[in-house]
Amino acid sequence: MHLPPLRRVPAALLVPARGLLEARVPWVRERALDHVVERERHLVPFLLAKDVLLAATPPPHAVPLHSLPSTIPFPFRPLRFLRLYPSAFALSPHPIEVSPTPRLSALHAAEAQVVDATVPDAADRLLRLLMLAPSRALPLRLVARLRLDLGLASDFQRSLLPNYPDYFALSPDGSLLELVCYRKDLAVSSMQSYAQRTGGYKVGDVVAFPLSFPRGFELDKKVRKWLDEWQRLPYISPYEDGSHLTPRSDITEKRTVAVLHEVLSLTVGKKMEKEVLVKLGEALRLPPGFRKVVAKHPGIFYISHKLRTQTVVLRESYRRHMLVDKHPMMGIRYQYMHLMHMGKEEVGKGKGKDRRSSRSEQIIGEEFGATVDDDENEEYDDEDDVAEDDMEVGVASEDQDSDDDVDEDIKEQISH
């Protein structure tokens, strides 16, 4: 494994250390970004189940229900879950077998074409993730958990890694994915690219992170002053060695934000579950206390509490609930979500029940041209009110504006 030589610290980066500001930053709900998370309800188990079915041979890919891997995180009983999506999963009785519908098979084939077309991009993004690690290696198990975030194929260990022996290698025991060759041309962060497009950049320049706050959000004057001064500190690239920086200082915090910002930029959806982000941050050897950094900078990151988890969203990547730059893999994901909600509509019609749903679920259904049956969500009812102890970010504040136009037609995203 080839490691880049250690470089001398540019004089521009040798700035006086400032102590961290210890302040409580409020959390304010952002309905549009909550919707970004909420519309992917059940998407992960759906995709994992789909991958199992389409990997089965020979066609028609019928798989006994009891043989579905226990690692698929079904939110409730697998049979009940699969029955929610008749447009994707066909069930045969006694013994119960699951097989993909023609619509699911066709969409899977379209996804395979997108995966093939984006292999070089996926390899570069995975390589850059390894380049962020001081050890130039990450646990393979963690990389596998990041597969959907990075837009990798389900069999990336066989279809991607062997085709890039100049990029990747496995450790002798197979537990680590290691970097083979560090590419300086890829060691350019999204923030550096942004600075170069908007006026040029050289090492040690001041680069301010784009900030966006929800309506009703207010920062204390002391915090605002600190933030303005923090933004004027030199930008330390996440690909630069930061070991020389003073621990628990503003400049160290700015580099930590830069690393987290770059990690989210490398994902296809520009978001990640906080639990996974924390595990990745530990693997990247971020300084102690980095978990609080996300909450401390709500103008850069948004923490959604939808779907009974915490998801970190990169604010600048969205205009309301629409991705600014949509990766081809996200176009396919939107089509899968469309297919899922088509199935829910069919289930509701078949039952002949009154289709009562919460406002947020109506938004999801309308977005994909479907109506969601309330019975389908009895075990997955998200509460809008979040306990303060669960947030780690301050006091939950109700957003008084309704954001009624959050249901902008996502079919436009699919068509583009």
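So, how was this worked out
- Residues numbered from 1 in each chain as written.
- Predicted model: local features only at pLDDT ≥ 70, side-chain atom pairs only at ≥ 80, totals over all residues.
- Heavy atoms only, no water.
- Phe/Tyr/Trp six-rings, centres within 6.5 Å; stacked < 30°, edge-to-face > 60°.
- Lys NZ or Arg CZ within 6 Å of the ring centre and 35° of its normal.
- Axes fitted to C-alpha atoms, helices over the stretch in contact; angles between N-to-C directions.
- Helix = DSSP H or I, 4+ residues; strand = E, 2+ residues; numbered from the N terminus.
- Parallel < 35°, antiparallel > 145°, perpendicular 65-115°, else oblique.
- Contact = heavy atoms within 4.5 Å.
- Nonpolar A, V, L, I, M, F, W, Y, C, P; charged D, E, K, R; others polar.
- Core = buried A, V, L, I, M, F, W, Y, C linked by side-chain atoms within 4.5 Å.
- Buried < 20%, exposed > 50% of the residue type's maximum accessible area, 1.4 Å probe, protein only.
- pLDDT = per-residue confidence, 0-100.
- Pairing = 2+ DSSP bridges.
- Salt bridge = Lys/Arg side-chain N within 4 Å of Asp/Glu carboxyl O.

*Asks:* Would you take a moment to explain the packing of aromatic side chains for this structure?
*Replies:* For any pair of aromatic rings, the description rests on two quantities: the centre-to-centre distance and the angle between the ring planes. For the structure on display, the rule yields 13 aromatic pairs. Aromatic ring contacts, followed pair by pair, group Phe46, Phe74, Phe76, Phe81, Tyr85, Phe89 and Tyr336 into a single cluster. The aromatic ring of Phe76 is capped on one face by Arg80, whose charged end is 4.1 Å from the ring centroid. Its end group placed over the ring of Trp230, Lys254 keeps NZ or CZ at 5.6 Å from the ring centre.

*Asks:* Explanation requested: the packing of helix H10 (residues 221–231) against helix H11 (residues 250–265) in the structure shown.
*Replies:* Geometrically, a packed helix pair is captured by the angle between its two axes and the distance between the axes. Orientation of H10 relative to H11, taken along the N-to-C sense of each, is 75°, at an axis distance of 10 Å. Viewed along their axes, H10 and H11 adopt a mutual orientation that is roughly perpendicular. Every residue of H11 that contacts H10 at Trp226, Trp230 and Gln231 is listed here: Asp250, Glu253, Lys254 and Val257. Looking at the contact of H10 with H11, its residues break down into three nonpolar, one polar and three charged.

*Asks:* Would you mind going over the nonpolar core with me for this structure?
*Replies:* If you look at soluble globular proteins, the nonpolar side chains tend to sit buried side by side. By size, the foremost hydrophobic cluster in this structure holds 114 residues, and its most contacted members are Phe46, Phe89 and Phe168. Once residues lying within four places of it in the same chain are set aside, the contact partners of Phe168 are Ala123, Leu126, Leu127, Leu130, Leu161, Leu177, Glu178 and Val180.

*Asks:* Please clarify how the confidence of the model for the protein chain should be interpreted in this entry.
*Replies:* Low pLDDT means the predicted coordinates in that region are not meant to be read closely. Taken over all residues, the pLDDT of the protein chain has a mean of 82, while the share at 70 or more is 76%. Within the model, the stretch residues 5–17 combines pLDDT values under 50 with 20 contacts to residues more than four positions away or in other chains. Below a pLDDT of 50 lies the segment residues 352–410, which in the model reaches 135 contacts outside its immediate sequence neighbourhood of four places, other chains included.

*Asks:* Help me out: how do you make sense of the pairing of strand S7 (residues 176–179) in this one?
*Replies:* As a general feature of sheets, a regular strand has side chains that alternate between the two faces. Strand direction decides the pairing type here: strand S5 (residues 137–139) and S7, joined by three bridges, are antiparallel. Residue pairing in the sheet places Ala137 in a bridge with Glu178 of S7. Relative to S7, strand S6 (residues 168–170) is paired through three bridges, and the arrangement is antiparallel. The partner of Ala169 across the bridge, within S7, is Glu178. The antiparallel hairpin formed by S6 and S7 contains five residues in its connecting segment, where Gly174 sits at a positive phi of about 75°.

*Asks:* Can you help me understand the pattern of salt bridges in this one?
*Replies:* Where charged atoms from two side chains of opposite charge approach closely, those side chains can pair. Scanning the entire structure with this criterion turns up 14 salt bridges. One salt bridge connects Lys50 with Asp51, and the closest N-O pair in it is separated by 2.7 Å. In this structure Lys50 comes out as buried when scored by relative accessible area, which is 1%. Using a relative accessible area of 13% as the deciding quantity, one classes Asp51 as buried.

*Asks:* Sorry, what's going on with the sheet that holds S5 here?
*Replies:* Sheet strands associate in pairs through backbone hydrogen bonding, adopting either a parallel or an antiparallel arrangement. Ordered in space as S5-S7-S6, the three strands form an open sheet in which the pairing is antiparallel. Edge positions in the sheet fall to S5 and S6, since each has one partner strand and no second. With strand direction ignored, the average angle separating the axes of adjacent strands in the sheet is 25°. Each of S5, S6 and S7 touches helix H5 (residues 119–132); the most contacted strand, S7, lies at about 95° to it.

*Asks:* How should the environment of Arg125 be read in this particular structure?
*Replies:* Here Arg125 shows up in helix H5. Its relative accessible area of 7% is what places Arg125 among the buried residues. Between the alpha carbons of Arg125 and Ser265 there is a distance of 9.5 Å; along the sequence they are 140 residues apart.

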